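Structural description and commentary
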Amino acid sequence: MSLLEVHDLNVSYGGIKAVRGISLEIAAGELVCLIGANGAGKSTTLKALARLLPASGKILYQGRSIVQMPVYDLVRQGIALVPEGRGIFGRLKVEENLLMGAYSRSDIHGIRRDLDHSYHLFPRLFERKTQQAGTLSGGEQQMLAIARALMSRPRLLLLDEPSMGLAPLMVNKIFDTIRAISADGVTILLVEQNARLALDVSHRAYVMEGGTICLSGEASTLLDDPQVRHAYLGE
Ligand code: ATP
C-alpha cells in the first residue's frame, strides 16, 4: 500500500487554478521529487498536502483520507512540512526551535534522543544551540528547519525548495543530509527548482507544468530523457 495517494487534486487561488487535477502516489521509504518551472504549481501542491491550503480531490495517507483532518493531527499522524522560507522562530534559541518541533510529543527520553540525533546530523546546530535562530546563516536556518521537522518523528517529510537562496557548498551539504534522512527510512516528498539536484537524490519524480503533471518516472530514467534534459536541465 502507498503511504500517500493523491487523486484529482485541485487547488485555486480565487479564480486562478494553480493545480489542476493531479494524481500521484508515494510508497513508504521512497524519496520522490516534484520538479518543474517557476509557477508550475509545485509549492501549491505541497501546501495543499500539508493542509495549509484548501483543496478538492482525494488525499489518502496510510489509506485514510486526511482532507478534513486538522493540521495538528497531521503532525501526530507523522506528516511534517519544511516550508519554503524555513519559518523558524528567529527570536528563540536554536535548541528552543528544535524542541518546538516536538510539541506534539510527551516522551521526554525519546525527545532527548532525537535532539542528540539532530546534533549528530547537524553538528553546526550543536555548536550554535544557545544562539538566537534569527542570527544563523541561511544554510544553518535550513538545517534547523529540517531538524525541527524531524523532531516530530515524521513518517512523511514534505520539503519545499530546500536549496533556495543557498550557496552551492551549503546546498550540497543539505542534499547529503536529505539522502541520509531517506536512508534512515523517512519517506520524503521534495519540491525543488534545481531539477538536476532533485533527480540526483530521488528515486522517482513527477514533472509539473501549468498545474498538471506532464511526466513521471524513475529519476534515473528522467535524467537520461532528452526532453527533460532540454526543458529542465538546461542542456
Ligand atoms: P515556484 O518555484 O516559483 O514557487 P511553483 O511551481 O512552486 O513555482 P506555485 O508557487 O505553486 O509554483 O505557484 C503556482 C501558481 O499559483 C502560479 O501561477 C502562481 O503565480 C500562483 N500563486 C502562488 N501563490 C499564490 C497566491 N498566494 N495567490 C495567488 N496566486 C498564487
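Residues numbered from 1 in each chain as written. Predicted model: local features only at pLDDT ≥ 70, side-chain atom pairs only at ≥ 80, totals over all residues. Heavy atoms only, no water.

Taken together, the residues surrounding the ligand are Y13, A18, A37, N38, G39, A40, G41, K42, S43, T44, E161 and Q193. Measuring from a nitrogen atom of the ligand, one finds a side-chain N or O atom of Y13 at 3.4 Å. Between the ligand and E161 there is a distance of 3.0 Å, counted from an oxygen atom to a side-chain nitrogen or oxygen. At three residues, the largest contribution of residues to the shell around the ligand is made by helix α1 (residues 42-49). Here the residues of the shell around the ligand sort into four nonpolar, six polar and two charged. (Near = heavy atom within 4 Å. Polar contact = N/O pair within 3.5 Å; in protein donor to acceptor, adjacent residues only side chain to side chain. Helix = DSSP H or I, 4+ residues; strand = E, 2+ residues; numbered from the N terminus. Nonpolar A, V, L, I, M, F, W, Y, C, P; charged D, E, K, R; others polar.)

Right, let's talk about the pattern of salt bridges for a bit. For the structure shown, the criterion picks out eleven salt bridges. In this structure, the salt-bridge partner of E140 is R124, at a minimum N-O distance of 2.8 Å. With a gap of 16 residues between them, E140 in helix α6 (residues 138-150) and R124 in helix α5 (residues 123-127) connect regions that are remote in the sequence. Using a relative accessible area of 5% as the deciding quantity, one classes E140 as buried. As a salt-bridge pair, R229 and D224 come within 3.9 Å of each other at their nearest N and O atoms. Classification of R229 as partly exposed rests on a relative accessible area of 28%. (Salt bridge = Lys/Arg side-chain N within 4 Å of Asp/Glu carboxyl O. Buried < 20%, exposed > 50% of the residue type's maximum accessible area, 1.4 Å probe, protein only.)

It is worth spelling out the sheet that holds strand β1 (residues 2-13) at this point. Strand order in the open sheet formed by four strands is β2-β1-β4-β5, with antiparallel pairing between adjacent strands. Strands at the two margins of the open sheet, each flanked by one partner only, are β2 (16-27) and β5 (64-65). Summarising the sheet, β1 and β2 pair through nine bridges and their orientation is antiparallel. Bridge pairing in β2 links L4 to I26. Sitting on the sheet, α1 touches β1, β2 and β4 (56-61), and the angle it makes with β1 is about 115°. (Pairing = 2+ DSSP bridges. Contact = heavy atoms within 4.5 Å. Axes fitted to C-alpha atoms, helices over the stretch in contact; angles between N-to-C directions.)

Okay, the pairing of β4 next. Looking at chain direction, β1 and β4 are connected through five bridges and run antiparallel. For V6, the partnering residue across the bridge sits in β4 and is I59. Sheet topology note: the β4/β5 ladder contains two bridges and is antiparallel. The partner of L60 across the bridge, within β5, is S65. Linking two consecutive strands that pair antiparallel, namely β4 and β5, is a turn of two residues; a positive phi of about 50° is found at Q62 within it.

Right, let's talk about the packing of aromatic side chains for a bit. In total, this model carries one aromatic pair according to the counting rule given. Taken together, a centroid distance of 5.3 Å and an interplanar angle of 65° make the contact between Y119 and F126 edge-to-face. By relative accessible area, Y119 is classed as buried at 7%. (Phe/Tyr/Trp six-rings, centres within 6.5 Å; stacked < 30°, edge-to-face > 60°.)

This next bit is on α1. In an α-helix, one turn spans 3.6 residues, which is why side chains three or four residues apart end up on the same side. Counting buried positions along α1 gives seven out of eight residues, so the element sits mostly inside the fold. Taken as a whole, α1 has its buried residues at K42, S43, T44, T45, L46, A48 and L49. Immediately downstream of α1, the backbone of R51 shows phi near 65°, a positive value.

Contact pair α6 / helix α7 (residues 168-183): the axes reach a minimum separation of 10 Å and the direction vectors enclose 15°. Of the possible angle classes, the one that applies to α6 and α7 is roughly parallel. Here α6 and α7 pass one another in a crossing that is right-handed. Residues G139, E140, Q142, M143, I146 and L150 of α6 touch α7, and the partners they reach there are M170, K173, I174 and I181. Looking at side-chain class alone, the contact of α6 with α7 contains six nonpolar, two polar and two charged residues. (Parallel < 35°, antiparallel > 145°, perpendicular 65-115°, else oblique. Left-handed = near helix turned anticlockwise from the far one by under 90°.)

All quantities given are derived from atomic positions and should not be read as evidence of function.
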